[in-house]
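Coordinate analysis (summary)
Below, each chain spelled out in residue letters.
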Amino acid sequence: MKKILITGGAGYIGSHTAVELWNAGLEPIILDDLSNSHAQVLERLKDITGKSFSFYMGDCNNRVVLDQISREHEIAGVIHFAAFKAVGESTIKPLDYYKNNLGSLLVLLEYMREKGIRDLVFSSSCTVYGQPDVLPVTEVTPRKDAESPYGNTKKIGEDILVDYVKSKPGIRVVALRYFNPVGAHPSAKIGELPMGTPQNLVPFITQTAAGIRQKLTVFGNDYDTPDGSCIRDYIHVVDLADAHVKALGFLFQKPLDFYEVFNVGTGRGNTVLEVIHAFEKVNGLKLAYQIGPRRAGDVVKTWADTRKINQELGWHAKYTLDDCMRDSWRWQLSLGERKGIFE
Ligand code: NAD
Ligand code: WQD
């Protein structure tokens with residue numbers, strides 16, 4: 001069984017990817033410093049798969065722990081999730097973001113070169129497109145100047161990979177540009193664990209429905225969209241996890257010194273109000289919400305053209321928006337009164 005190192009593998013997308021790798025016959029080896037996740041995720045992964053995964057508590061910027069992993073396992077490929085991801089925080093602590101998100105990528109690439117590890121899947125983001133001029137967004141849609149240090153780390157991360165592959169180091173790379181990951185594992189054993197007040201829509205919805213937050217504010221209803229609220233492409237996290245498995249399988253077949261980028265979305269855009277109404281309908285609940293002012297810097301509308309990933313990776317989103325809302329709510333219920341942490 002091929003072993004795949006997942007940096008940030010205890011996090012939201014990484015933990016779901018660990019399950020899908022295992023289901024596909026690949027063994028995840030998890031490295032995480034638990035800066036934005038919890039060790040109990042490992043037990044939850046065992047509940048779901050019946051398997052205890054190798055876990056290394058450590059910083060991806062630290063070669064010592066990477067070298068230890070390679071002494072103990074033959075790593076066939078890497079999925080690099082480890083990063084800080086809070087857009088607002090990145091404007092307050094830009095150096096932390098550049099250091100962690102780009103430093104970890106550089107350390108990882110050097111490590112891969114020295115150990116002869118060839119395949120890498122990199123977590124990028126639709127944030128690199130900003131507000132696209134043409135919709136849906138294809139992979140050749142020009143990237144825009146980043147709106148935040150966080151967004152810039154994704155853009156620069158992609159650039160580093162492009163330049164590195166051009167130097168013919170003998171590696172193969174796929175960068176996946178995720179649209180808006182939502183939902184949770186249908187078992188409700190793993191999901192997103194937002195720290196503090198959620199900045200993202202869906203955790204705010206579920207925490208409001210759970211009574212943790214009083215009311216959701218819809219950030220603007222006077223945009224040029226069918227109901228005036230912003231449009232995003234919400235992708236179920238299990239579908240997203242599966243895209244990583246498909247990306248690895250694709251890379252294993254490719255010649256060396258290869259770089260490719262794929263959008264990962266459903267190909268559909270939904271407004272904020274549509275998301276709220278889907279949540280209410282599928283869960284039989286009424287959500288306390290109000291219309292508020294626009295949020296500074298918000299992209300008005302974006303959704304993915306998914307033809308490239310559909311055709312080249314044979315990947316299609318299977319889960320609907322209703323599935324996303326059902327699974328997000330089931331996950332919130334499983335947390336009970338807790339605001340997103342296990343204790
Ligand atoms: P997450 O915070 O849940 O997971 C990231 C994990 O990485 C956490 O468990 C954290 O503890 C760990 N980590 C951070 N820095 C580390 C380091 N230096 N060494 C080891 N572990 C470290 O976030 P997520 O939503 O699962 O995101 C995963 C990746 O996907 C990130 O790179 C993120 O930027 C990217 N992404 C996320 C979204 C989203 O909306 N969730 C969208 C696009 C891209
Ligand atoms: C979605 C929609 C809000 C909260 C962020 C990051 C981006 C990328 C994806 C990582 C918007 C509206 C939200 C609320 C609301 N992440 N909203 N009330 O803006 O697409 O982007 O996640 O790479 O970098 O910036 O996601 O979940 O914050 O917002 O009305 O309380 O929900 O205005 O239209 P976004 P989001």
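Up top is the structure.
Residues numbered from 1 in each chain as written. Chains lettered and ligands numbered in written order. Predicted model: local features only at pLDDT ≥ 70, side-chain atom pairs only at ≥ 80, totals over all residues. Heavy atoms only, no water.

**Some remarks on the packing of aromatic side chains**
Selection criterion: Geometry of aromatic contacts follows a simple scheme: Phe, Tyr and Trp rings, the Trp one being its six-membered ring, pair when their centres are within 6.5 Å, and the pair is stacked under 30 degrees between planes, edge-to-face over 60, tilted otherwise. Each helix corresponds to a stretch of at least 4 residues labelled H or I by DSSP, and each strand to a stretch of at least 2 residues labelled E; elements are numbered beginning at the N terminus. As a reminder, the over-ring test applies to NZ of lysine and CZ of arginine, requiring each to be within 6 Å of the ring centre and within 35 degrees of the ring normal.
In this structure the tally under the stated criterion is six aromatic pairs. Arranged with centres 5.5 Å apart and planes meeting at 80 degrees, the rings of F250 and F262 form a pair that is edge-to-face. Placement of the pair is F250 in helix α8 (residues 237–252) and F262 in strand β11 (residues 258–264), with a sequence separation of 12 residues. Linked through ring pairs, F250, F258 and F262 together constitute an aromatic cluster. For the cation-ring pair, R294 lies above Y223, with the distance from its terminal atom to the ring centre recorded as 4.0 Å. Cation over ring: K308 sits above F262, and NZ or CZ is 5.0 Å from the ring centre.

**Description of the site of ligand 2**
What counts here: Here, proximity means that at least one heavy atom of the residue falls within 4 Å of the molecule or strand. Under this definition, polar contacts are N or O atom pairs within 3.5 Å; protein pairs additionally need one hydrogen-donor-capable and one acceptor-capable atom, and for neighbouring residues in sequence, both atoms have to be side-chain atoms. To be clear on the numbers: accessible area is Shrake-Rupley with a 1.4 Å probe, and residue cover counts the displayed protein chains and nothing else. The classification used treats Ala, Val, Leu, Ile, Met, Phe, Trp, Tyr, Cys and Pro as nonpolar, Asp, Glu, Lys and Arg as charged, and all other residues, Gly among them, as polar.
By nearness alone, 18 residues border ligand 2, and S125, Y150, T217, R232 and D298 come closest of all. The backbone of F219 places a nitrogen or oxygen atom 2.9 Å from an oxygen atom of ligand 2. One of the side-chain N or O atoms of D298 is found 2.4 Å from an oxygen atom in ligand 2. Out of a free accessible area of 690 Å², ligand 2 has 87% covered by protein chains. Top contributing element to the shell around ligand 2 by residue count: strand β8 (residues 216–219), with four residues. Grouping the constituent residues of the shell around ligand 2 by class yields nine nonpolar, six polar and three charged.

**What to know about unusual backbone geometry**
For the peptide bond that leads from L135 to P136, omega is -5 degrees, which places it in the cis range. Summarising the element assignment, P136 is placed in the loop between β5 (119–125) and α6 (149–166). Even without a glycine there, the phi angle at K168 is positive, about 55 degrees. Tracing the sequence through the fold places K168 in the loop between α6 and β6 (172–178).

**What about the pairing of strand β2 (residues 27–32)?**
Convention followed: Summary of the burial criterion: residues with accessible area below 20% of their type's maximum are buried, those above 50% are exposed, and those between are partly exposed, where the area comes from a 1.4 Å probe applied to protein chains only. When DSSP locates at least two bridges between a pair of strands, those strands are taken to pair. If you view a crossover with the strands going away from you and the path from the first strand over the helix to the second runs clockwise, you call it right-handed.
Among the six residues that make up β2, six are buried, leaving the element largely enclosed by the rest of the structure. Side chains E27, I29 and L31 project from β2 onto one buried face, and the interleaved P28, I30 and D32 project onto a second face that is buried too. In terms of strand pairing, strand β1 (residues 3–7) meets β2 through five bridges, oriented parallel. If you follow I4 over to β2, its bridge partner there is P28. Sheet topology places β2 next to strand β3 (residues 54–57); four bridges connect them, and they run parallel. Its bridge partner lying in β3, I29 is registered against S54. On the question of chirality, the crossover connecting β2 to the parallel β3 by way of helix α2 (residues 40–49) is right-handed.

That is the geometry; function is a separate question.
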